[in-house]
Amino acid sequence: METAELTQEEQFQARIDADVRIEPKDWMPEAYRKTLIRQISQHAHSELVGMLPEGNWITRAPSLKRKSILLAKVQDEAGHGLYLYSAAETLGASRDQMLADLHSGKAKYSSIFNYPTLSWADMGTIGWLVDGAAILNQVPLCRTSYGPYARAMVRVCKEESFHQRQGFEIMQTLCEGAPAQKQMAQEALNRWWWPTLMMFGPKDADSPNTEQSMKWRIKRFTNDELRQKFVDMMVPQAEFLGLTVPDDKLKWNETKQGYDFGDVDWAEFWDVVKGNGPCSRERLQARVQAHEDGAWVREAALAHAEKRRQRAETVAA
Amino acid sequence: MQETHTIVVPDVSAEVRQQLLDYVLQLADTSLILAHRLSEWCGHGPILEQDLAMANISLDLLGEARSYYQYAAELEGRGRTEDDLAYLRSAVEYRNPLLVEQPNGDFAHTIVRQFLYDAFHYHLLLQLQAGPDQQLAAIAEKSVKEAAYHVKWSAEWIIRLGDGTNESRRRVEAAINALWRYSGELTTPSATEQALQQAGFVPDYAAIQGQIDEHVARVFAEATLPVPQGVFMQKGGKTGRHSEHLGYLLAELQYLQRTYPGLTW
Amino acid sequence: MSQKEWPLWEVFIRSKQGLDHKHVGSLHAADAEMAVQNARDVYTRRLEGVSIWVVESKHVHASNPDDAAAFYEPANDKIYRHPTFYTVPDSIKHM
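The model shown is predicted, which means the values in this text are computed figures rather than measured ones. (Residues numbered from 1 in each chain as written. Chains lettered and ligands numbered in written order. Predicted model: local features only at pLDDT ≥ 70, side-chain atom pairs only at ≥ 80, totals over all residues. Heavy atoms only, no water.)

## Some thoughts on the overall build of chain C
Next up, step 1: Assigned secondary structure in chain C consists of two helices and three strands.
Next up, step 2: Overall, chain C shows an N-to-C arrangement of helices and strands of β-β-α-β-α.
Next up, step 3: Over its C-alpha atoms chain C spans a radius of gyration of 21 Å, topping by over 25% the 12 Å that the globule rule assigns to 95 residues.
Next up, step 4: Expressed as lengths along the three principal axes of its C-alpha atoms, the size of chain C is roughly 75 × 35 × 15 Å.
Next up, step 5: When burial is assessed residue by residue, chain C has 28% of its 95 residues classed as buried.
Next up, step 6: Long-range pairs, those at least 24 residues apart, make up 42% of the contacts in chain C with a sequence separation of at least 6.
Next up, step 7: As displayed, chain C offers around 6,800 Å² of accessible surface, 56% of which is attributable to carbon and sulfur atoms.
Next up, step 8: Side-chain charges in chain C split into 11 positive and 13 negative, and the spacing between the mean points of these groups amounts to 7 Å. (Helix = DSSP H or I, 4+ residues; strand = E, 2+ residues; numbered from the N terminus. Rg over C-alpha atoms; globule rule 2.2 N^0.38 Å. Buried < 20%, exposed > 50% of the residue type's maximum accessible area, 1.4 Å probe, protein only. Contact = heavy atoms within 4.5 Å. Areas by Shrake-Rupley, 256 points an atom, 1.4 Å probe, with all protein chains shown as cover. Lys, Arg positive; Asp, Glu negative; His and termini not counted. Charge placed at Lys NZ, Arg CZ, Asp CG, Glu CD.)

Now the structure itself:
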């Protein structure tokens, strides 16, 4: 057999090419492990920080039904963060270390959560647009090459399906409501449209990791492919709602059977990535504080568990 | 999963019906206010796993509150909805006991508030589910399973904090010191409750007091915490005399409904 | 102050009576009781389960992927262990 002559790395690539999933204890190139830990933890951090902008409206939700839905949704995000941290932990990363990297600013998370939520319509927009974009990013990840990541994403996608719908429902209710509500919806779309397009990451030409990630099948579509897909999907939905997408360059292109659209403000994109988003400091500060305020709680639980273990041993002895 | 049942209103005098309405609103307000407080933790819990746990408890209580409000709306019979009752009544009209409106404070305060309420709530629901009012019995039958989990969760945390580190013990003792004085109101019947106790709709609190005390004492003993004695008990929430905290909570809760009256969300 | 993390636990859920417990993921908890409760709060929010097992991750002993050939390939040629290996005359029913 020829495989005997292949290097470990070549064998690994052959398995990836044959769409065989890689599992935790399998041999993998160090760079593959590192890329995955970076990507999965970044994804987990995004879920965790992503709880904050929506959490901002749980106490002000306008009806008991909306309050329940929003709380359940933000809770799901905590769950998704947890599934993803668990997936990264199978690669030898500890959650503590990942959180430390988040808190020190070393690890990144999705920039979208560094924008403020200013009105109730933002809850609709986040569900409809932001989760819509997230789903486009995430669905291909259900087939990503690393088994635990793919399985976590299957669970995430299954649960996410209600998130986008509840967002659209909020938008629809606002758009069919009083003029003040419709205005609220349009104003929110104006603020969130461009940041949402930024969620797909830099242009392919400026995305140095894309090629290797595609080869390892960690990533299955390029940033620009997904961005195009998103615009094509969302424009008709905005039209249905009677909302105007804030882009003068937006135009249907018959030849490519897709929309042409304006260029993202890349200077703003990089500013936010560097930590200068309108709420970057507040988001990180909130996470650090929750973690620090919780330290004594986590410690007490461990101390109590240890006391119990010792008592059980004494009884047994 | 939210189901719609036909709501059965008991065949009673107008006076008892009004008392029953007040009492159901008290139950509704209590669950809503505690759910609201717990929901303030969402995204800020000490560890992800506990963030999820608190959100679950909050969601249970919200669901319970909605069932009571829907029943109250039916008892009232003036075409008001659950949201009208939750979002358009002022602080003096709210009937929740003082305990549940107290601020979250640190995790120890939240746990002590929760445990003191859970112990009462669980034993109350056990009685209500066997009571004469069909609707209350149905809500209680569903909620008692949730409350059984809540009281298990909060009791275990009381034990961990009491018998954990020096710091956790100091904090949980401070929380007990701050909140114990609100526990008495739970089982001190208001005039409405007294009337309904006589009519058989509200359980005799004296009868469940022993079970609650025993439950609390058992958990505190395991937590190596002394049960406070001879503490002066505050009351007033159940008759609309609240602490100053409730006004702010409602200002936030009711903000959109008050700013844009009469709209659908 | 110790900076120790709560231990990691593997979670197994029986989705309904009659089925095996299946691995669903992991979580952190200070003790076994908390691990079961956390598993309930994290992994059964949508009626996914009727029974939960938790095992502290450090107690799981796994086979080594390098042994895969020695472990699993020998079963490859034992096709006589599968019912389809055998031909049964068409006239024979219920077999």
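## Overview of the overall build of chain B
Next up, step 1: On a plain count of helices and strands, chain B comes out with 11 helices and zero strands.
Next up, step 2: Relative to a compact globule of 265 residues, whose C-alpha radius of gyration would be 18 Å, chain B shows 18 Å and is just as compact.
Next up, step 3: Across its three principal directions, the C-alpha atoms of chain B cover 55 × 45 × 35 Å.
Next up, step 4: Every one of the 265 residues in chain B was classed for burial, and the buried ones make up 59%.
Next up, step 5: Sequence-distant contacts in chain B: of pairs separated by 6 or more residues, those separated by 24 or more amount to 80%.
Next up, step 6: The averaged location of the 34 negative side-chain charges in chain B is 4 Å from the averaged location of its 21 positive side-chain charges.

## Notes on the packing of helix H1 (residues 14-39) of chain B against helix H8 (residues 191-199) of chain B
Residues and elements named next belong to chain B.
Next up, step 1: Following both chains from N to C, one finds H1 and H8 inclined at 120°, their axes separated by 9 Å at the closest point. Regarding the angle of H1 to H8, the classification is oblique. As for the relative orientation of H1 and H8, their crossing is left-handed in sense. Here Val16, Gln19, Leu20, Asp22, Tyr23 and Gln26 of H1 lie close against H8, whose contacting residues are Thr192, Glu193, Ala195 and Leu196.
Next up, step 2: When grouped by side-chain class, the residues that make up the contact of H1 with H8 number five nonpolar, three polar and two charged. (Axes fitted to C-alpha atoms, helices over the stretch in contact; angles between N-to-C directions. Parallel < 35°, antiparallel > 145°, perpendicular 65-115°, else oblique. Left-handed = near helix turned anticlockwise from the far one by under 90°. Nonpolar A, V, L, I, M, F, W, Y, C, P; charged D, E, K, R; others polar.)

## Some remarks on the interface of chain A and chain B
Next up, step 1: Taken together, the 47 residues of chain A in the interface contact 48 residues of chain B.
Next up, step 2: For the pairing of chain A and chain B, the buried interface totals around 4,100 Å² over both sides, and the portion due to carbon and sulfur atoms is 68%.
Next up, step 3: Per-residue buried area on chain A facing chain B is highest for Leu64, Gln75 and Trp296 of chain A; these three make up 19% of the total on that side.
Next up, step 4: The interface formed by chain A and chain B includes four salt bridges.
Next up, step 5: Put simply, Arg308 of chain A and Glu222 of chain B hold a salt bridge, and the shortest N to O gap is 3.9 Å.
Next up, step 6: The interface formed by chain A and chain B holds 17 residue pairs in polar contact (both at pLDDT 80 or more) in total.
Next up, step 7: Counting only elements with at least two residues in the side of chain A that touches chain B, the list comes to helix H2 (30-55), helix H3 (64-89), helix H6 (147-175), helix H7 (179-198), helix H11 (280-293) and helix H12 (295-316) of chain A.
Next up, step 8: Residue contributions to the side of chain A that touches chain B peak at 14 residues, all from H3 of chain A. (Buried area = accessible area lost by both parts, 1.4 Å probe. Salt bridge = Lys/Arg side-chain N within 4 Å of Asp/Glu carboxyl O. Polar contact = N/O pair within 3.5 Å; in protein donor to acceptor, adjacent residues only side chain to side chain.)

## Looking at the side chain of Arg89 of chain B
All names here are of chain B.
Next up, step 1: Counting through the fold element by element, Arg89 comes out in the loop between helix H3 (82-87) and helix H4 (98-101).
Next up, step 2: In terms of polar contacts, Arg89 uses its side chain to reach the backbone carbonyl oxygen of Leu85, at 2.9 Å.
Next up, step 3: At 3.0 Å, the side chain of Arg89 forms a polar contact with the backbone oxygen of Glu93.
Next up, step 4: Arg89 has contacts with Leu25, Asp29, Tyr69, Arg80, Asp84, Tyr94, Arg95, Leu250, Gln254 and Arg258, leaving out every residue within four places of it along the chain.

## Quick notes on the pattern of salt bridges
Next up, step 1: Applying the stated rule across the entire model yields 45 salt bridges over all chains.
Next up, step 2: Where Asp19 of chain A meets Arg220 of chain A, a salt bridge forms, and the shortest distance between an N and an O atom there is 2.9 Å. Of this pair, Asp19 of chain A sits in the loop between helix H1 (8-17) and H2 while Arg220 of chain A sits in the loop between helix H8 (210-215) and helix H9 (223-241), placing them 201 residues apart in sequence.
Next up, step 3: In this structure, Arg169 of chain B and Glu173 of chain B form a salt bridge, with 3.3 Å as the shortest nitrogen-oxygen distance. With Arg169 of chain B and Glu173 of chain B both in helix H7 (residues 166-179) and four residues apart, the pair spans about one turn of that helix.
Next up, step 4: One network of salt bridges, with partners in common, ties together Glu54, Lys73, Glu77 and Asp131 of chain A.

## Things to note about the interface of chain C and chain A
Next up, step 1: Across the contact, 24 residues belong to chain C and 23 residues belong to chain A.
Next up, step 2: Each partner contributes to the roughly 1,900 Å² buried at the junction of chain C and chain A, and carbon and sulfur atoms together form 52% of this total.
Next up, step 3: When the buried surface of chain C facing chain A is broken down by residue, Glu5, Arg45 and Arg46 of chain C rank first, second and third, together holding 27% of it.
Next up, step 4: In this structure, the salt-bridge partner of Arg45 of chain C is Asp76 of chain A, at a minimum N-O distance of 2.6 Å.
Next up, step 5: Taken together, the links from chain C to chain A amount to 10 residue pairs in polar contact (both at pLDDT 80 or more).
Next up, step 6: Taken together, the elements giving at least two residues each to the side of chain C that touches chain A come down to strand S2 (21-28) and helix H1 (32-43) of chain C.
Next up, step 7: Tallied by class, the residues present in the side of chain C that touches chain A amount to 12 nonpolar, five polar and seven charged.

## What to know about the sheet that holds strand S1 (residues 8-14) of chain C
Strand pairing in a sheet is mediated by backbone hydrogen bonds. Such pairs are either parallel or antiparallel.
Next up, step 1: If you walk across this open sheet you meet the three strands as S2-S1-S3 (chain C), and the pairing is antiparallel. Of all the strands in the sheet, just S2 and strand S3 (51-56) of chain C have a single pairing partner and so form its edges. Strand-to-strand twist across the sheet, computed as the mean angle between neighbouring axes with direction ignored, equals 25°.
Next up, step 2: Here six bridges tie S1 of chain C to S3 of chain C, and the two strands are oriented antiparallel to one another. What sits directly across from Trp9 of chain C, in S3 of chain C, is Glu56 of chain C.
Next up, step 3: Strands in contact with H3 of chain A are S1 and S2 of chain C; relative to S2 of chain C, the strand with the most contacts, it is inclined by about 95°. (Pairing = 2+ DSSP bridges.)

## Overview of a nonpolar patch on the surface
Next up, step 1: A cluster of nonpolar residues, Ile79, Tyr80, Phe85 and Tyr86 of chain C, forms a patch on the protein surface that exposes about 430 Å² of accessible area.
Next up, step 2: What makes Tyr80 of chain C partly exposed here is its relative accessible area of 44%. (Patch = residues over 30% accessible without salt bridge, like charges linked within 9 Å, V, L, I, M, F, W, Y side chains within 5 Å.)

## Focus on helix H2 (residues 48-76) of chain B
Residues and elements named next belong to chain B.
Next up, step 1: Its 29 residues give H2 an end-to-end C-alpha distance of 41 Å, which sits within 8% of 42 Å, the value for a rise of 1.5 Å per residue.
Next up, step 2: For H2, the tally of buried residues reaches 27 of 29 residues, placing the bulk of the element in the interior.
Next up, step 3: A positive phi of about 65° marks Gly77, the residue just after H2. (Expected span 1.5 Å × (residues − 1).)

Any functional reading would require information that these geometric values do not contain.
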